[in-house]
Amino acid sequence: MSHSPPSGLAAVSAALLAMSRHLEMRDVLKTIVASARDLLDAEYAALGVPDDHGGFAQFVVDGVSDEQWKAIGPLPRQHGILAAMLHEAKPQRLADVRKDPRFEGWPDAHPDMSDFLGLPIRDGDEIIGALFLANKRCPKPQGGCGFTAQDEELLSILAQHAAIALTNARLYERSRELTISEERSRLAHELHDAVSQKLFSLRLTAQAAAALVDRDPARAKGELQQVAALAAEAADELRAAVVELRPAALDEDGLVATLRTQIQVLDRAHTARVTFESLGVRAMPAAQEEALLRVSQEALHNALRHSGADRVDVTLARRGSSTVLRITDDGSGFEPTATRQAGRHLGLVSMRDRASGVGGRLTVESAPGKGTTIEMEVPGG
């Protein structure tokens, strides 16, 4: 059963729209894979992004349960038929992948696959990924491949747009890193100035104490106490610098400490006042903590970059058997239903996806001139 062109193009169009909504690399990869699988009515789809060491930096699958995926084991190396996609850079349409001379077997828990369609994703001459589909859901011609030439054509349109989506995601992630590094270097500069001033005062006070030791021991004693106090302040400033400039590690520090550190950094780096309060929150599964952190980063980014807010308040609190993240700003606000606010709107789509991905929900309250409140509730914690 092959797609007729109109339904094929309508499906491609829907897939392209879905891809263009996402900015984070992982979300883009997942959307491309799910779109490819739906579009070609295949049982399995995967997308691999190569690293520089002959392996995959990222490998995303659709059609395999989380349990199955864990049982399959570590990420595939670039070998066999997958490597061919990245090195020979041409489509592969096979009736039975297991009979191909390049096939090297797969782990025990790997699902069984027969007909196969693979396509490189290219950005100019560079291969930035490869799409793989297996087991077309249709009656197969005797000993033949269920995937048709038309399927290959549809997938090549998808792959061209996937290249644009992946390039955009890479640029977006790089720009976010630059924004953070700008904020960190500005912060480093401020902290350096603060510590330098303390040390300068320390030197002057120590010199005054030295000059007074002989002729006015009582005053010299007072100056030395001041030296001790200034030294303690300088040590505190340095400690703060080390803590705040260290990259936040969610898995080591947990959500509350990571959020607190990042919000202190933002508070110092922006003119807006940024506060954080945590009320009775316990540790949660890693996926939930990551989703809450990413949503708070996205919401804070919007509030500080676009809304012109003077104040942004973040709270993380227990509510019944759930944990609630709330980000409130007093900025310009917007009309949540208006799509013309494209930047804000796109951010909301990815935040909603993150929330629903961990069984949570996201609500947005805003109106022009009334500020914005974003709330994400997840079970547990």
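Quick caveat: nothing in here was measured; it's all calculated off a predicted structure.

Thresholds applied
Residues numbered from 1 in each chain as written. Predicted model: local features only at pLDDT ≥ 70, side-chain atom pairs only at ≥ 80, totals over all residues. Heavy atoms only, no water. Helix = DSSP H or I, 4+ residues; strand = E, 2+ residues; numbered from the N terminus. Contact = heavy atoms within 4.5 Å. Core = buried A, V, L, I, M, F, W, Y, C linked by side-chain atoms within 4.5 Å. Buried < 20%, exposed > 50% of the residue type's maximum accessible area, 1.4 Å probe, protein only. Pairing = 2+ DSSP bridges. Axes fitted to C-alpha atoms, helices over the stretch in contact; angles between N-to-C directions. Expected span 1.5 Å × (residues − 1). Salt bridge = Lys/Arg side-chain N within 4 Å of Asp/Glu carboxyl O. Phe/Tyr/Trp six-rings, centres within 6.5 Å; stacked < 30°, edge-to-face > 60°. Polar contact = N/O pair within 3.5 Å; in protein donor to acceptor, adjacent residues only side chain to side chain.

A. Highlighting the overall build of the protein chain. Across its full length, the protein chain holds nine helices and ten strands. Across the protein chain, the fraction of contacts at a sequence separation of at least 24, relative to all contacts at a separation of at least 6, is 63%.

B. Broad picture of the nonpolar core. Membership of the largest hydrophobic core comes to 34 residues, with the highest contact counts inside it found for Leu 255, Leu 259, Val 312, Leu 325, Leu 362 and Met 376. The greatest single-element share of this core, amounting to eight residues, is contributed by helix α8 (residues 286–306). Within the second largest apolar cluster, 33 residues are counted, among which are Ala 15, Val 60, Leu 119 and Ile 128.

C. Geometry of the sheet that holds strand β1 (residues 42–50). If you trace the five strands from one edge of the open sheet to the other, you get β2-β1-β5-β4-β3, paired in antiparallel fashion. Each end of this open sheet is capped by a strand with a single partner; those strands are β2 (56–62) and β3 (92–94). Within this sheet the neighbouring strands show an average axis-to-axis angle of 15 degrees, counted without direction. The sheet contact formed by β3 and strand β4 (residues 116–123) spans three bridges and is antiparallel. Residue Leu 94 lies in a different strand from β4, and its bridge partner there is Phe 116. Across the sheet, helix α2 (residues 25–40) is in contact with β1, β2, β4 and β5 (126–136); its angle to β2 comes to roughly 40 degrees. Set on the sheet, helix α4 (residues 80–87) makes contact with β1, β2, β3, β4 and β5; between it and β5 the angle comes to about 140 degrees.

D. Quick look at the environment of Gly 380. Its location among the elements puts Gly 380 in the segment after β10 (372–379). Overall, the relative accessible area of 28% leaves Gly 380 in the partly exposed class. Spatially, the C-alpha atoms of Gly 380 and Ser 322 are 4.8 Å apart, while their sequence positions differ by 58 residues. When residues no more than four places from it in sequence are discounted, the contact partners of Gly 380 are Met 284, Ser 321, Ser 322 and Thr 323.

E. Highlighting α2. Between its first and last C-alpha atoms α2 spans 23 Å; for 16 residues at 1.5 Å apiece the expected length is 22 Å, and the two agree. Taking burial as the measure, the 16 residues of α2 include twelve buried ones, the bulk of the element. Asp 41 lies just past α2 and shows a positive phi near 50 degrees.

F. Seen up close, the sheet that holds β10. Spatial strand order, β6-β7-β8-β10-β9: five strands in an open sheet with mixed pairing. In this open sheet, the two edge strands, each paired with only one partner strand, are β6 (273–279) and β9 (361–366). Neighbouring strand axes in the sheet, compared pairwise and without regard to direction, differ in orientation by 10 degrees on average. Pairing between β6 and strand β7 (residues 311–319): seven bridges, direction parallel. Following the sheet pairing, Val 274 is matched in β7 by Val 312. Running at roughly 180 degrees to β10, α8 makes contact with β6, β7, β8 (322–329), β9 and β10 of the sheet.

G. Representation of the environment of Gly 55 in the model. The topology assignment puts Gly 55 in the loop between β1 and β2. Assessed through its relative accessible area of 0%, Gly 55 is described here as buried. For the pair Gly 55 and Ala 83, spaced 28 residues apart in sequence, the C-alpha separation works out to 9.1 Å.

H. Highlighting the pattern of salt bridges. Taken as a whole and assessed by the stated rule, the structure comprises 17 salt bridges. Between Lys 140 and Asp 115 there is a salt bridge, and its shortest N-O distance comes to 3.8 Å. Of this pair, Lys 140 sits in the loop between β5 and α5 (149–212) while Asp 115 sits in the loop between β3 and β4; the two residues are 25 residues apart in sequence, bridging distant segments of the chain. Arg 326 serves as the salt-bridge partner of Glu 375, at 2.4 Å between the closest nitrogen and oxygen.

I. Looking closely at the side chain of Thr 275. Summarising the element assignment, Thr 275 is placed in strand β6. For Thr 275, a relative accessible area of 18% translates into the label buried. Those residues within four positions of Thr 275 in sequence are excluded, and the remaining contacts are Ile 263, Arg 311, Val 312, Asp 313 and Val 314.

J. Up close: the packing of aromatic side chains. If you walk through the whole model with that rule in mind, you get four aromatic pairs. Of the aromatic side chains, those joined through ring pairs into one cluster are Phe 59, Trp 69, Phe 116 and Phe 132.

K. A look at the side chain of Ser 366. Here Ser 366 is to be found in strand β9. Residue Ser 366 is classed as buried on the basis of its relative accessible area of 16%. A distance of 2.9 Å separates the side chain of Ser 366 from the backbone nitrogen of Phe 334, its partner in a polar contact. Side-chain polar atoms of Ser 366 contact the side chain of Thr 372, separated by 2.9 Å. Excluding residues that lie within four positions of it along the chain, Ser 366 makes contacts with Gly 333, Phe 334, Pro 336, Gly 371 and Thr 372.

Everything listed is a geometric property; what it means functionally is a separate question.
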